[in-house]
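# A closer look at the structure
The primary structure of each chain is shown beneath.
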Amino acid sequence: MSIVDIGHLADLQHTRHSVTLSNGKRLVLFRLPRIGRSDSAVAPLATGNLDSWTYYAMEAECPHAGGPMAEAHIDIEDSSYIASCPWHAYDFNVETGESSYGIKACTFPVTVQDGRVSIHVAEAENLLLAKIEPVSEKVKFKHGPRVDPSGAATYLGDDASLCDWCNHILNTSNPEHKIELTTHLFSLFATREQSPSPMPIGAGSVTPPHEPPRQNLTQLEPGRMPKAGRGGNLKSRIMMLHALANIEQWAIDLAIDIMIRFASFQTIARDKNGLPQELPRTFFYDWLKVANDEAKHFSLLRARLEEMGSHFGALPVHHGLWDSATRTAHDLRARISVIALVHEARGLDVNPMTIEKFRNAGDGESVDVLTIIHNDEITHVTTGHRWLTWICQQEDTDPVQVFRSSVQKHFRGAVKGPFNAEARQQAGMDKSYYEDLYGQPWKGEVIAGG
């Protein structure tokens, strides 16, 4: 038995933390409001305020397929907290680890004594804390009275399909409404997945817009955008965050668009005796999770811009990411390859350098936001890699070759470094994917993110 000291209670104010132990084992620590019940299995002292908060610890990887439980969706069922894996919606009681699917996750008792939090690990001796990092799921909506003349966001009825919702979000130009509707759709879809009446997909019933509309933005071609500089002054940092916020808003639409545009996709049968495969419902859940994350990212960046005295829309923006979406609108394999495994993977390369610029400038608040985005984007590249691999498995093709061929045909420019090989490998992409890879001739820079 090891009793691992995690830190001061006052320092653990996020709803969840990623915990790495000295033996490399990874856990997730949840901080959740106490449920009013008398039979809780959690130690009585495992609260920040005895009447307010309860702490739970469980293994960081879903025992089904290794999904990141730090990104789990949390619900309350029968007076217990249930964490649902973001990959395939496997549900686990955070106290007992039990699942309705018949498998079990490892959970660990948490205690608080003398203002310090400890996790009890039974299977090993002399373990210590190696690293603890906050994991944010916070979406920042605008505060104060709403002065937007467009009023409140419009919600669809109970009979609306996923494609109805996706089309509605894509056609929503108000960025605040887009955030609100996207986070609502993810929660609604995830909740109904575990009910007798899951949301219908509605494949083929709605045609998505050629390009999502934007509200009160000045758009330029990507090559004409002003340079943001190195982040050494406030103006430069605002320009950098504004550019990232624009990318994140497009990233919401890209994750939404992949679901509606390819809802009717079927794999190519391996032989004459084989059957084409439709996309499983977990495909839609996974990309809704990505869209929800992108809405979170946009909200955090937009709020940070306002804290710095600016606002989203104060500077010109470009639609370069949507250009890539247009060029891949005919083929799901190409869409995943170019958007998730080139543009978003490029974000893994440049994010650490951007974070370092803000850290050197003493802008800790922006560093926190950018760190959240970087950690989430690793899971987004993982999602793209997982679904391209799934398609290739059904079609008996090589995902590396499918990826490289798609990039050569549909991407403009070279896939060039420096590469964050560690983060790319963590997302499933080894060097065989991206080394010595060129798309169509192009003189501009590769847009990072998406």
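Note: the structure precedes this text.
Residues numbered from 1 in each chain as written. Predicted model: local features only at pLDDT ≥ 70, side-chain atom pairs only at ≥ 80, totals over all residues. Heavy atoms only, no water.

## Regarding the overall build of the protein chain
We count it as follows: A run of H or I in DSSP counts as a helix once it spans at least four residues, and a run of E counts as a strand once it spans at least two, with each numbered from the N terminus. A simple rule labels every residue: compare its accessible area, found with a 1.4 Å probe on the protein chains alone, to the largest value its type can have, and call it buried under 20%, exposed over 50%, or partly exposed in between. Any two residues having at least one pair of non-hydrogen atoms within 4.5 Å are treated as being in contact. In this description, accessible areas are obtained by the Shrake-Rupley approach with a 1.4 Å probe, and a residue is regarded as covered only by the protein chains that are shown.
Along the backbone of the protein chain there are ten helices and 15 strands. Here the protein chain holds 450 residues, and the buried ones make up 54% of them. By sequence separation, contacts in the protein chain at least 24 residues apart represent 74% of the contacts at least 6 residues apart. A total of about 20,100 Å² of accessible surface is found on the protein chain, and carbon and sulfur atoms cover 51% of it.

## Some words on the sheet that holds strand β1 (residues 2-8)
The condition is simple: In this analysis, strands are considered paired if DSSP registers two or more bridges between them. Only the stretch in contact is used when a helix axis is fitted, and all axes are lines through C-alpha atoms; the angle between N-to-C directions ranges over 0 to 180 degrees.
On the basis of which strands lie adjacent, the open sheet formed by three strands has the order β1-β10-β9 and antiparallel pairing. Two strands close off the open sheet at either side, each with one partner strand: β1 and β9 (110-113). Shown here is a sheet whose adjacent strand axes are inclined to one another by a mean of 30°, direction ignored. Pairing of β9 with strand β10 (residues 116-121), which is carried by four bridges, proceeds in the antiparallel orientation. Residue pairing in the sheet places T111 in a bridge with S118 of β10.

## Overview of the packing of aromatic side chains
Our working rule: A pair of Phe, Tyr and Trp rings is counted when the ring centres sit within 6.5 Å of each other, with Trp represented by its six-membered ring. The angle between the planes then sorts it: under 30 degrees is stacked, over 60 is edge-to-face, the rest tilted. We call a charge positioned over a ring when the NZ of a Lys or the CZ of an Arg lies within 6 Å of the ring centre and within 35 degrees of the ring normal.
All chains considered together, the criterion is met by eleven aromatic pairs. On the basis of an interplanar angle of 80° and a centroid distance of 5.3 Å, the ring pair of F283 and W387 is categorised as edge-to-face. Separated by 104 residues along the polypeptide, F283 in helix α4 (residues 281-307) and W387 in helix α7 (residues 364-395) bring together distant segments of the chain. Connected via pairs of aromatic rings, a cluster forms that spans F283, F284, W287, W387 and W390. R31 extends its terminal NZ or CZ atom over the ring of W53, reaching a point 3.8 Å from the ring centre.

## Focus on the pattern of salt bridges
Worth spelling out the cut-off: Put simply, a salt bridge is a Lys or Arg side-chain nitrogen that is within 4 Å of an Asp or Glu carboxyl oxygen.
Counting across every chain of the model gives 21 salt bridges. A salt bridge links R304 to E365, with the shortest nitrogen-to-oxygen separation between them at 3.8 Å. You can see R304 sitting in helix α4 and its partner E365 sitting in helix α7, a full 61 residues away along the chain. Assessed through its relative accessible area of 11%, R304 is described here as buried. E365 sits in the partly exposed class, given a relative accessible area of 47%.

## What to know about the pairing of strand β4 (residues 53-59)
Summarising burial for β4: six of the seven residues are buried, a large majority. Direction of pairing for strand β3 (residues 26-33) relative to β4: antiparallel, over a ladder of seven bridges. Residue pairing in the sheet places L32 in a bridge with T54 of β4. Where β4 and strand β8 (residues 107-108) come together, two bridges link them in antiparallel fashion. Bridged to M58 within β8 is T107.

## Considering the packing of α4 against α7
Just so we agree on the cut-off: Our angle categories are set so that under 35 degrees counts as roughly parallel, over 145 as roughly antiparallel, 65 to 115 as roughly perpendicular, and the remainder as oblique. Here a crossing is called left-handed whenever its near helix is offset anticlockwise from the far helix by less than a right angle, and right-handed whenever the offset is clockwise. Note on residue classes: Ala, Val, Leu, Ile, Met, Phe, Trp, Tyr, Cys and Pro are nonpolar, Asp, Glu, Lys and Arg are charged, and everything else, Gly too, is polar.
Where α4 contacts α7, the axes come no closer than 10 Å and their chain directions differ by 160°. One element, α4, and the other, α7, form an angle in the roughly antiparallel class. Judged by the sense of rotation from one axis to the other, the crossing of α4 with α7 is left-handed. Classifying every residue of the contact of α4 with α7 gives ten nonpolar, seven polar and nine charged.

## What about the sheet that holds strand β2 (residues 16-21)?
Spatially, the five strands line up as an open sheet ordered β8-β4-β3-β2-β11, and their pairing is antiparallel. One side of each edge strand has no neighbouring strand; the edge strands of this open sheet are β8 and β11 (129-134).

## Re helix α1 (residues 162-170)
Of all nine residues in α1, seven are buried, a share of seventy percent or more. Where α1 is concerned, the buried positions are L162, C163, W165, C166, N167, I169 and L170. On its buried face, α1 sits against α2 (175-193), α3 (234-261) and α4.

## Topic: the nonpolar core
Convention followed: Side-chain atoms within 4.5 Å are what join buried Ala, Val, Leu, Ile, Met, Phe, Trp, Tyr and Cys residues into a set we call a nonpolar core.
Ranked by internal contacts, the top residues of the largest apolar core, which has 82 residues, are L162 and I336. Counting only elements with at least two residues in this core, the list comes to α1, α2, α3, α4, α6 (332-360), α7, α8 (399-410) and α10 (431-434). If near-sequence neighbours (up to four positions away) are discounted, I336 is found in contact with I258, W287, L341, G384, W387, L388 and I391. Judged by nonpolar contacts, the second largest core, of 19 residues, contains F30, M58, A70 and Y90.

## A closer look at the packing of helix α5 (residues 320-327) against α6
When two helices pack together, their arrangement is given by the angle between the helix axes and the distance between those axes. In contact at an axis separation of 8 Å, α5 and α6 are set at 150° when each is read in the N-to-C sense. By the angle between their axes, α5 is roughly antiparallel relative to α6. As for how α5 packs across α6, the hand of that crossing is right-handed. Contacts between α5 and α6 involve L321, S324 and A325 from the former and R335, V338, I339 and H343 from the latter. Here the residues of the contact of α5 with α6 are counted per class, giving four nonpolar, two polar and one charged.

## Concerning the environment of L341
Among the secondary structure elements, L341 is positioned in helix α6. For L341 and V407, which are 66 residues apart along the polypeptide, the C-alpha to C-alpha distance reads 9.4 Å. Ignoring any residue separated from it by four or fewer positions in sequence, one finds L341 in contact with I336, V381, G384, H385, L388, F403 and M429.

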